[in-house]
Amino acid sequence: MTHSSLLRSDETLFRDPEVFEFTYLPGEIHHRDAQVRELAFLLRPALRGGSAGSAVLRGPPGTGKTTTVRRIFREVAETTRRVVPAYVNCLHDRTPSAVYRCIFEQVLGHAPPTTGRHLDEIKRGVAARLREHDAALVVCLDDANYLTAAGTFNTLLYQILRLYEKWDVRKAGVFAVTSDLALNLYAEADASVRSVFHPTEINFPPYTRTEIREILADRVRQGLYPRVLPKPLLDRIAAIAAGEQDVRVGIDLVRAACLRAEKDGRRRVSPGDVTAATRAVTAPALRNRAAGLSTGERALLWWIAERSRDGADMASGAIFEAAQEYLPVGKTTYHEHLNALANAGIVDLVPGTGRGREVRLRYDAGDVATACKPRTQPAKSRTDHELP
Ligand SMILES: Nc1ncnc2c1ncn2[C@@H]1O[C@H](COP(=O)(O)OP(=O)(O)OP(=O)(O)O)[C@@H](O)[C@H]1O
Ligand SMILES: [Mg+2]
């Protein structure tokens, strides 16, 4: 029995707190059947003594790319020795030697010796083990955009895909993953790589609000005791996460709201818990986003937040005209600033029916005003706009 079972069950609202950790691998992956089928299809030849196909997995952050691959890799590792999956997190490992050490460790089950080893020896170790089991290697290069940034993408791809030529093993499959939609990983590959890299494109579209709700509901069932989180609050959290286009925000919100209720000794989450948790969860993201803005962009954002708090017309044209008094910028600069705010993920520019677009804040207007407080205040006085 675990320690938590020694505590009285009414002292915690969490049936299993691990369910809300970011490393948690869910038992069931929802709404990714098509992607799972594609990946399984690429692995199938390797199960029959051939080699696995390759793929480029693409989708915005939080769309289940890592989860889907880890899930399939786990299943492969549990069911067969003929396919050996190796998962590489390219944020951590982006040099050829770091990536090969990581592959070595997963193929052989222990770390390679740390000193004085040539890369070739590590590769030889990997190849020897693969030959021994007549196994095919499948490597997932997760967040491969870090490899293109480090200039190691082509070298690595080339080496992994052509491992078989030198070492007499079956050809490896590579699943290259990126959340950078502007990056085309196939186009990044040079000619010598492309001749052996024919990836299937697998897309991970953003989840809808309903899908996010189902994913969260499943997590709640696994991780919380029954009736801790009332349904309307789960709906509200799902809506916020959908607005942020990130399931992770939803998972964090559920956890943070429950912790608040627990701390107060309550057995149910209240609307106030969700409101407070939303602030805490979204504030760091908002601060980071605002930190990257120029002085001019911040000044405009502050002005937009104030207007939104006053309930004024949020059409981009109306904002421009009203801002003239306070922000001496021309129309071109104004639109550049607006686009920068949209790119930073702080506002959405929604096509409207009338003039221009509607400027919609993604965060609470008061929080936005606080996050981008200009050094010198236009218009209103400092104490004035700090009032709730
Ligand atoms: N279909 C799903 N079913 C259950 N949980 C999911 C699903 N999709 C995502 N999640 C959960 O959402 C979180 C984010 O998923 P994941 O890390 O797989 O996203 P990602 O696409 O790899 O994002 P990034 O590009 O930022 O790395 C994880 O906690 C994961 O458990
Ligand atoms: Mg990921």
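If you're wondering where the values come from, they're calculated on a predicted model, not measured in any experiment. (Residues numbered from 1 in each chain as written. Chains lettered and ligands numbered in written order. Predicted model: local features only at pLDDT ≥ 70, side-chain atom pairs only at ≥ 80, totals over all residues. Heavy atoms only, no water.)

Honestly, the overall build of the protein chain in this entry has me stumped. Any pointers?
What the protein chain contains, in helices and strands, is 18 helices and 7 strands. When contacts within the protein chain are restricted to residue pairs at least 6 apart in sequence, long-range pairs at least 24 apart make up 70% of them. Carbon together with sulfur atoms contributes 50% to the accessible area of the protein chain, which is approximately 19700 Å² in total. (Helix = DSSP H or I, 4+ residues; strand = E, 2+ residues; numbered from the N terminus. Contact = heavy atoms within 4.5 Å. Areas by Shrake-Rupley, 256 points an atom, 1.4 Å probe, with all protein chains shown as cover.)

For this particular structure, what's the right way to read the UniProt feature "binding site: ATP" (unreviewed entry) in the protein chain?
Under the feature "binding site: ATP" (unreviewed entry), the UniProt entry names Thr 63, Gly 64, Lys 65, Thr 66, Thr 67, Tyr 207 and Arg 219. Relative to the elements of secondary structure, Gly 64 occurs in the loop between β1 (55–58) and α2 (65–79). Within the element layout of this structure, Thr 66 appears in helix α2. On the basis of relative accessibility, which here comes to 27%, the residue Thr 66 falls in the partly exposed class. (UniProt positions renumbered as here; feature names shortened; annotations may be inferred. Buried < 20%, exposed > 50% of the residue type's maximum accessible area, 1.4 Å probe, protein only.)

Is there a simple way to explain the domain arrangement of the protein chain in this structure?
One frequent convention defines the size of an interface as the accessible area lost when the parts assemble. Taken as a whole, the protein chain is organised into domain 1 (33–203), domain 2 (207–289) and domain 3 (292–386). For domain 1 versus domain 3, the separation of C-alpha centres amounts to 45 Å. (Domains from an automatic or database assignment.)

What am I meant to see in the nonpolar core here?
For soluble globular proteins, nonpolar side chains are generally found buried alongside one another. Ranked by size, the top nonpolar core spans 40 residues in total, and within it Ile 103, Leu 137, Leu 141, Leu 157 and Ile 160 carry the most contacts. Of all the elements in the fold, those that place two or more residues in this core are β2 (83–89), α3 (96–108), α4 (119–132), β3 (136–142), α6 (153–161), α7 (163–167) and β4 (173–178). Looking at this core element by element, the count peaks at 7 residues for α3. Not counting residues up to four positions away in its chain, the partners in contact with Ile 103 are Ala 86, Val 88, Val 126, Leu 137, Val 139 and Ile 160. One finds Leu 224, Leu 234, Ile 251 and Ala 277 within the second-largest nonpolar core, a separate group that totals 31 residues. (Core = buried A, V, L, I, M, F, W, Y, C linked by side-chain atoms within 4.5 Å.)

Would you explain the site of ligand 1 in this entry?
Lining the immediate surroundings of ligand 1 are 19 residues, of which His 30, Lys 65, Thr 67, Tyr 207 and Arg 219 lie closest. Residue His 30 places a main-chain N or O atom 2.7 Å away from a nitrogen atom belonging to ligand 1. Within the side chain of Thr 66, an N or O atom sits 2.7 Å from an oxygen atom of ligand 1. Against a free-state accessible area of 630 Å², the protein chains account for coverage of 92% of ligand 1. Of all the elements in the fold, those that place two or more residues in the shell around ligand 1 are α2, α10 (209–223) and α12 (247–263). Taken together, the residues of the shell around ligand 1 break down into 8 nonpolar, 7 polar and 4 charged. Looking at which domains feed residues into the shell around ligand 1, each of domain 1 (33–203) and domain 2 (207–289) supplies at least three. (Near = heavy atom within 4 Å. Polar contact = N/O pair within 3.5 Å; in protein donor to acceptor, adjacent residues only side chain to side chain. Nonpolar A, V, L, I, M, F, W, Y, C, P; charged D, E, K, R; others polar.)

What's the story with unusual backbone geometry in this structure? I'm lost.
Generally, phi is negative for residues other than glycine and the peptide bonds are trans, each holding for most cases. Of note in this structure, Asp 143 is not a glycine but carries a positive phi near 55°. Turning to its location among the elements, Asp 143 is positioned in the loop between β3 and α5 (145–150). Classification of Asp 143 by relative accessible area gives partly exposed; the value is 23%. Non-glycine residue Gln 245 carries a positive phi angle of around 50°. Tracing the backbone shows Gln 245 in the loop between α11 (231–244) and α12.

Before we go on, may I ask you to explain the packing of aromatic side chains in this structure?
Ring pairs (aromatic) are described by centroid distance and by the angle formed between their planes. In this structure the tally under the stated criterion is 5 aromatic pairs. When the centroid spacing of 5.0 Å and the interplanar angle of 50° are considered together, the rings of Phe 320 and Tyr 334 count as tilted. Remark: Tyr 334 occurs in helix α16 (residues 331–343) and Phe 320 occurs in helix α15 (residues 316–323); sequence separation between them is 14 residues. Accessibility assignment for this pair places Phe 320 and Tyr 334 in one class, buried. Lying over the aromatic face of Tyr 100, Lys 123 brings its terminal NZ or CZ to 5.3 Å of the ring centre. Just above the ring of Tyr 186 sits the side chain of Arg 194; from NZ or CZ to the centre is 5.0 Å. (Phe/Tyr/Trp six-rings, centres within 6.5 Å; stacked < 30°, edge-to-face > 60°. Lys NZ or Arg CZ within 6 Å of the ring centre and 35° of its normal.)

Can you help me understand the sheet that holds strand β5 (residues 200–203) in this one?
Backbone-to-backbone hydrogen bonds pair the strands of a sheet. The strands run either parallel or antiparallel. Strand order in the open sheet formed by 5 strands is β2-β3-β4-β1-β5, with parallel pairing between adjacent strands. Strands with a single pairing partner mark the edges of an open sheet, and in this sheet they are β2 and β5. Across this sheet, the average inter-strand angle for adjacent strands is 15°, counted without regard to direction. As judged from the 4 bridges shared by β1 and β4, these two strands associate in the parallel manner. By the bridge assignment for β4, Leu 57 is matched with Val 177. Running over the sheet, helix α1 (residues 33–47) touches β1, β2, β3, β4 and β5 and is turned about 150° from β5. Lying over the sheet, α2 contacts β1, β2, β3 and β4, oriented at roughly 150° with respect to β2. (Pairing = 2+ DSSP bridges. Axes fitted to C-alpha atoms, helices over the stretch in contact; angles between N-to-C directions.)

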